[in-house]
Amino acid sequence: MKVLTPFRAVGWAAAVFTSEKSFAANPVLGSRRLNELGLHRARVAAAARMAAFRRRFIPVPEEDRAAYARDGFVIKPDYLPPALFDALREEVFGGKHRAREMRQGRTVTRMIPLSAAARARLPHASAVAFDPALARLTGHVAGRTGAALHHVQTVIAEPERGPQDPQSALHADTFHSTAKYWLFLHDVTEEDGPFMFAPGSHRLTPERLDWEHRQSLDARAEGRAHHSFGSFRIRPAELSALGYAPPRRVAVKANTLVVADTYGFHARSPSAKRTVRVEIHGQLRRNPFVPWNGLDPLNLPGLKGREYDLHFGWKDYWGIPSIWRDVGEVRADDPASV
Ligand SMILES: [Fe+2]
C-alpha cells in the first residue's frame, strides 16, 4: 500500500486543477494547513474568474443573459410549442421505460437515462435535451459548454416515510458554477415541494469567499457528510451576511424550463403531501479551470450521449454497487419500488 502512496499523492495534487470537490476523499483538498494557506479560496476565486471569461463567448438571448446575471437562474414559461409539449408528454407517459431509482430519506428519484438505446423510444425528449439552444443556455449558466447528462427524472415525495431528504437543506453543489435544468411536465405548486433558490447567490461576493475559506478549514474533519464531500450547507439566516436574498420557491406551470447555476444556494423544498413529478432533466459540470469552451472528451464520437450507458455498463460488468438501483421497465409516474 505504502508503495502506491507517492502515486496517489500525485493524483490528489493533480486533482486541485479539476472539478474534484471532496475534502473527505482527497487529503490535499481537505488539508487544513493548505486551506489555511488559501488553497480552497484560490480554487473558488480562479474558477469564478475563468467562468466569467468563458461565459463572454457563449451567446444566449439578452433576456436570459440578464436573468442569469441577476438571479443565477433562468425561467422560461411556455417553453415548447403546445403541440410539441403534448407529444412529449404522450411519449413519456404512454409506455414503460428502463429506469433506475435512488432513495434519499423520504424522497425517491427515478431516472430514465436518455442514453443511445433509449433515444429511439424517446425522440421528443431527446430532441429537447440535445437542442443546441439549450446547450448554449446550460453552458452560459455553467460558465462552460460541454457534454451534459440528460434523463427523464421523476421525483417521488413520500412524507410519511424515512428521515428528511438531504437535498432539502439549502446548499451549493460544488465550489464553482455548474448548471442543472428541468423542463417540468406537470404544474409544480407551492405545496408540491418546488425547487428553492436564493437569488443572486451564484455571485462570488467577498463575504462568500471568506465564508468558503472558513468552511474549508474544518470540512474534512467535521464529519458532516455532504459538507465534507464539498457540497456546503448553509442556514437561511446566514445568507444576508453574504449579501444574498432569502430563498425563493420556484412554483411553475407545466412546460416551464428552469436552468439554474447550482453554485448558488438551493434546495428541494420539503413537501407535506405525497407528490410525483416528472421532468426532463440535465446537468453540466465540467473542469472549471480550462480557458476554453467545448473541446470536451465526452463529446468525441462513440462517447457523445453515451455517458450513462458507459457508466452503468462498467459498474454492472464489474459488480460495483451503485446507489442507483436498476428497477427494470416502469412508467415514468409509477410509485417507487426502492
Ligand atoms: Fe443540489
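Residues numbered from 1 in each chain as written. Predicted model: local features only at pLDDT ≥ 70, side-chain atom pairs only at ≥ 80, totals over all residues.

A. Geometry of the nonpolar core. Counting residues in each nonpolar core, the largest one holds 50 residues, and the members touching the most others are Ala125, Val141, Val152, Tyr181, Val258 and Val259. The greatest single-element share of this core, amounting to five residues, is contributed by strand β5 (residues 179–184). Setting aside residues no more than four positions away along its own chain, Val141 makes contact with Tyr68, Val74, Ala179, Val259, Ala260 and Asp261. Within the second largest apolar cluster, seven residues are counted, among which are Val44, Ala48, Met50 and Phe175. (Core = buried A, V, L, I, M, F, W, Y, C linked by C-beta atoms within 7 Å. Buried ≥ 20, exposed ≤ 12 C-beta atoms within 10 Å, placed from the backbone. Helix = DSSP H or I, 4+ residues; strand = E, 2+ residues; numbered from the N terminus. Contact = placed C-beta atoms within 7 Å.)

B. Examining helix α8 (residues 132–142) more closely. Within the sequence span of α8, burial applies to Leu134, Leu137, Thr138, Gly139, His140, Val141 and Ala142. Here the buried face of α8 lies against α3 (39–55), α4 (62–71), β1 (73–76), β5, β8 (257–261) and β10 (275–284). Looking one or two residues past α8, Gly143 carries a phi angle of roughly 75 degrees, positive in sign.

C. Structural context of the sheet that holds strand β7 (residues 248–250). Here we have three strands laid out as an open sheet, ordered β7-β6-β9, and antiparallel in their pairing. The open sheet has two edge strands with one neighbour each: β7 and β9 (266–268). Between one strand axis and the next, the sheet turns by 25 degrees as a mean value, whatever way the strands run. By the bridge criterion, three bridges tie strand β6 (residues 195–197) to β7 in an arrangement that is antiparallel. (Pairing = 2+ DSSP bridges. Axes fitted to C-alpha atoms, helices over the stretch in contact; angles between N-to-C directions.)

D. Layout of the sheet that holds β8. Strands sit in the order β1-β8-β5-β10-β4-β3-β2-β11 across an open sheet of eight strands; the sheet is antiparallel. Of all the strands in the sheet, just β1 and β11 (325–331) have a single pairing partner and so form its edges. Across the sheet, the mean angle from the axis of one strand to that of its neighbour is 30 degrees, orientation sign disregarded. In terms of strand pairing, β5 meets β8 through five bridges, oriented antiparallel. Within β8, the residue paired with Lys180 across the bridge is Ala260. Strands in contact with α8 are β1, β5, β8 and β10; relative to β8, the strand with the most contacts, it is inclined by about 30 degrees.

E. Structural context of the pairing of β10. The buried count for β10 comes to seven of ten residues, which makes it a mostly enclosed element. Of the pairings in the sheet, the one linking strand β4 (residues 149–157) to β10 comprises nine bridges and is antiparallel in character. Looking across to β10, one finds that Gln153 is bridged to Glu279.

It is worth stressing that arrangement in space is one thing and function is another; only the former is reported here.
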